[in-house]
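Letter by letter, the chains look like this.
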Amino acid sequence: MNTISPSADANLVPPGLAGRFVAPADSDFKKLGTIVYGGMDATPGGIVRAANVDDVVRTVNHARQHGLELAIRSGGHSNAGHSTSNGGLVLDVRDLNGIEIDADGRTAWAGAGATAMQLLDALAPHQLVVGFGDAATVGVSGITLGGGVGYLTRKLGLTIDSVLAFELVTADGETITTDATHHPDLFWALRGGGGNFGVVTRIRYRLSPLEHFTGGLLILPATAETVAAFVAAADAAPEELSTIANIMPAPPMPFLPPDMVGKLIIFGMLAYLGPDDDAQRALAPFRAIARPLADFVKPGAYHKAMFPEMPGAEDYHPLAVSLNLFMDHIGPEEGATIMGYLEESTAPMRVAQLRVMGGAAGRVAPDATAYAHRNSRIMVNLAAFYDGSAEDKAKQQRWVDDFAAALDQGDPGAYVNFIGDEGPDRVHAAYPDATWNRLRQVKRQYDPQNLFRRNHNIPPA
Ligand SMILES: Cc1cc2nc3c(=O)[nH]c(=O)nc-3n(C[C@H](O)[C@H](O)[C@H](O)COP(=O)(O)OP(=O)(O)OC[C@H]3O[C@@H](n4cnc5c(N)ncnc54)[C@H](O)[C@@H]3O)c2cc1C
């Protein structure tokens, strides 16, 4: 149904929409326009809730013809606030969330607005899976376009390593399907190059079998030595096991002794894709690092074990600064640096998140996709919450920057999906020169006017 609020600025409304145009005066405008991170004070001129691909075409054409800034919004997890706009149009694809599964052929089409959990939930009865990240509500399109690093990365590769095809609407309003043989340069660029090349409307994934799974949360006390030992165990583990270790102060949790609150812990998420006997062998080195403070790692359904429901999460909009980098090794010395920074910080919550890469993700050639950091061993995210004031934000940002400098081991790269609004040099850091130059060529071909610029932008010129 074409529902257009009388308060809408007529110049902003794409003609002929089947979906809804949400205007600033509409009662649900704020709710529909809010994204995950707080502190992004943008007020769009309007939000298009696309009901179908035709709406996407109409919106792209309208934005191009009227010189409007166009932000694309799927799951709303952009660290940089790119899925909203000040005064421009937000094209919200959340209603394009249909899922078609070919269980025998082990493939699925997912609408660009589906969340990771919607797809995982639909796949679970078939014992099939695609690897995404650590957030249930991330949009499949946002995470996939940047690469996709998560709980199954060492076994299944990045999310992009499971992509067979994209359907998208290009800057000139054409609807195309791209895969390894159709528009192969575009297919290469979309696997890591972000939202620079068009509006993705559907993604076709290769599905992997998920017959047995063991995983969940393991909490260990954090010291320089336990942090180093965790990283060493994650590196030595069979690739069926992927881990994400958050070194952070313990929040109040019912299963932790009250005197642990505020002390540094390793909040480890461990995921083993395979039979439980093998999982137990792979997990033993982690359990031997120190007496676990909590151990919920057990056989069960992947999507339930790794993405527990968090009531109220949709109303939680953290104010945080962060920085992403790659490291080569984390021994006791680096462990001590990590502990030192986390101990001295005054932020109510701060974290060093460590993801040991390798396995299937590391076997893909760096130039096979636009995610080129295949040989970088450890992905690190440093983050601190701030209190909402510009002063505290700047202070926490300095802490994050100093922390990153102290951990710098000479890898200039960064992962595009974890970059905030950090300027063009940091976008370039996500892509080594050869990748960057090739991305720019593809950008020149598919979006020479840079219509899709509200993103980690690859400038055409
Ligand atoms: C709490 C949290 C946890 C995270 N964990 C992980 C993780 O474990 N692993 C990981 O790899 N990443 C992770 N991320 C980063 C996340 O993958 C990126 O922020 C991703 O871009 C979010 O996608 P989205 O669709 O939810 O976000 P949105 O904010 O809706 O979109 C982000 C950007 O993606 C592009 N985009 C989205 N949809 C489309 C589309 N249909 N067509 C074209 N462009 C589009 C646009 O440029 C848009 O600005 C996390 C982020 C958060 C906030």
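Definitions and limits used
- Residues numbered from 1 in each chain as written.
- Predicted model: local features only at pLDDT ≥ 70, side-chain atom pairs only at ≥ 80, totals over all residues.
- Heavy atoms only, no water.
- Helix = DSSP H or I, 4+ residues; strand = E, 2+ residues; numbered from the N terminus.
- Rg over C-alpha atoms; globule rule 2.2 N^0.38 Å.
- Areas by Shrake-Rupley, 256 points an atom, 1.4 Å probe, with all protein chains shown as cover.
- Lys, Arg positive; Asp, Glu negative; His and termini not counted.
- Charge placed at Lys NZ, Arg CZ, Asp CG, Glu CD.
- Axes fitted to C-alpha atoms, helices over the stretch in contact; angles between N-to-C directions.
- Parallel < 35°, antiparallel > 145°, perpendicular 65-115°, else oblique.
- Left-handed = near helix turned anticlockwise from the far one by under 90°.
- Contact = heavy atoms within 4.5 Å.
- Pairing = 2+ DSSP bridges.
- Nonpolar A, V, L, I, M, F, W, Y, C, P; charged D, E, K, R; others polar.
- Near = heavy atom within 4 Å.
- Polar contact = N/O pair within 3.5 Å; in protein donor to acceptor, adjacent residues only side chain to side chain.
- Buried < 20%, exposed > 50% of the residue type's maximum accessible area, 1.4 Å probe, protein only.
- Salt bridge = Lys/Arg side-chain N within 4 Å of Asp/Glu carboxyl O.
- Phe/Tyr/Trp six-rings, centres within 6.5 Å; stacked < 30°, edge-to-face > 60°.
- Lys NZ or Arg CZ within 6 Å of the ring centre and 35° of its normal.
- Expected span 1.5 Å × (residues − 1).
- Arc of directions from axis to C-beta.

Enquirer: Go over the overall build of the protein chain with me, naming the residues and quoting the values.
Expert: Check the secondary structure of the protein chain and you find 14 helices and 20 strands. Its C-alpha atoms give the protein chain a radius of gyration of 22 Å, near enough to 23 Å, the size a compact globule of 461 residues would have. Each of the three principal axes of the protein chain carries a C-alpha extent, and together these read 65 × 55 × 45 Å. Carbon and sulfur atoms form 53% of the exposed surface of the protein chain, whose accessible area is close to 18500 Å². Between the centroid of the 36 positive side chains of the protein chain and the centroid of its 51 negative side chains there is a distance of 2 Å.

Enquirer: Break down the packing of helix α7 (residues 224-236) against helix α10 (residues 332-344) for me, citing the residues and quoting the values.
Expert: Where α7 meets α10, the closest approach of the two axes is 7 Å, and the angle between their N-to-C directions is 120°. In terms of axis orientation, α7 runs oblique to α10. Judged by the twist between their axes, the crossing of α7 over α10 is right-handed. The residues of α10 that touch α7, namely those facing A224, V227 and A228, are P332, G335, A336, I338 and M339.

Enquirer: Break down the sheet that holds strand β9 (residues 163-169) for me, with residues and values.
Expert: Read from one edge to the other, the open sheet built from five strands follows the order β6-β7-β11-β9-β10, with strand pairing classed as antiparallel. Of all strands in the sheet, those bounded by a partner on one side alone are β6 (99-102) and β10 (175-179). On average, adjacent strands in this sheet sit at an angle of 15° to one another, irrespective of strand direction. Where β6 lies against strand β7 (residues 107-111), four bridges are found, and the strand directions are antiparallel. Directly across from I101, in β7, lies its bridge partner A108.

Enquirer: If you had to explain the packing of α10 against helix α12 (residues 390-407) to someone new, which residues and values would you point to?
Expert: Interhelical geometry of α10 versus α12 gives an angle of 170° and a closest axis separation of 10 Å. If you check the angle between α10 and α12, you find them roughly antiparallel. Each of E334, T337, I338, Y341, L342 and E344 in α10 lies in contact with α12, whose residues at this interface are W399, D402, F403, A406 and L407. Class assignment for the residues of the contact of α10 with α12 results in seven nonpolar, one polar and three charged.

Enquirer: Kindly report on the site of the ligand, identifying the contributing residues and their values.
Expert: Residues in contact with the ligand amount to 32 residues; listed here are only the nearest, S74, S83, D134, V149 and Y415. Between the ligand and S141 there is a distance of 3.0 Å, counted from a nitrogen atom to a side-chain nitrogen or oxygen. Between the ligand and the protein, one listed contact pairs an oxygen atom with a backbone N or O atom of G142 at 3.4 Å. Against a free-state accessible area of 950 Å², the protein chains account for coverage of 92% of the ligand. Only β4 (70-73), α4 (140-146) and β11 (199-206) provide two or more residues apiece to the shell around the ligand. By residue number, the principal contributor to the shell around the ligand is α4, which donates four residues. Residues that form the shell around the ligand fall into these classes: twelve nonpolar, 16 polar and four charged.

Enquirer: For the pairing of strand β15 (residues 264-273), give the residues involved together with the corresponding values.
Expert: Buried residues dominate β15, accounting for ten of its ten residues. Here β15 shows no split at all, with L264, I266, G268, L270 and Y272 on one side and I265, F267, M269, A271 and L273 on the other all buried. Two strands pair when backbone bridges link them, and strand β13 (residues 213-221) and β15 are joined in this way by nine bridges, in the antiparallel orientation. Counted as the bridge partner of L220 is I266 from β15.

Enquirer: Talk me through unusual backbone geometry; I want residue IDs and the actual numbers.
Expert: Of note, the phi angle at R106 is positive, near 55°, even though the residue is not glycine. With a phi angle near 60°, N450 is a residue other than glycine that sits in the positive phi range.

Enquirer: Give me the lowdown on the pattern of salt bridges, citing residues and values where you can.
Expert: A full pass over the atoms with the stated rule returns 20 salt bridges. A salt bridge links E69 to R454; the nearest nitrogen and oxygen atoms lie 3.8 Å apart. Taken as a pair, E69 in the loop between α2 (53-66) and β4 and R454 in the segment after α14 (433-446) lie far apart in primary sequence, 385 residues in all. Judged by relative accessible area, which is 25%, E69 ranks as partly exposed. Note that R287 and D295 form a salt bridge whose closest N and O atoms lie 2.7 Å from each other. Using a relative accessible area of 24% as the deciding quantity, one classes R287 as partly exposed. Taken together, the shared-partner salt bridges connect R49, D92, R94 and D95 into one network.

Enquirer: Lay out the pairing of strand β18 (residues 320-327) with the relevant residues and their values.
Expert: By the criterion of burial, β18 is predominantly enclosed, with six of the eight residues buried. By the bridge criterion, eight bridges tie β18 to strand β20 (residues 378-385) in an arrangement that is antiparallel. Each residue of the ladder has a partner; that of F326, found in β20, is M379.

Enquirer: Any chance you could break down the packing of aromatic side chains for me, citing the residues and the numbers?
Expert: One pass over the structure, following the stated rule, counts twelve aromatic pairs. Ring centres 5.2 Å apart and planes at 80° place the aromatic pair Y415 and F418 in the edge-to-face group. The exposure class assigned to Y415 is buried, which follows from its relative accessible area of 2%. What links up through ring pairs into an aromatic cluster is the set Y151, F213, Y302 and F307. A cation sits over an aromatic face here: R191 above F187, 3.9 Å from the ring centre.

Enquirer: Account for α14, naming residues and giving values.
Expert: An ideal rise of 1.5 Å per residue puts 20 Å on 14 residues; α14 measures up with 20 Å between its terminal C-alpha atoms. Buried residues of α14: T435, W436, L439, R440, V442, K443 and Y446, and no others. With its buried residues spanning 165° around the axis, α14 presents them on a single face. The outward face of α14, more than 90 degrees from its buried face, is lined by the exposed residues D433, A434 and Q445. At its buried positions, α14 is contacted by β10, α6 (184-190) and α13 (424-429).

Take it as geometry only, folks, not as evidence of what the structure does.
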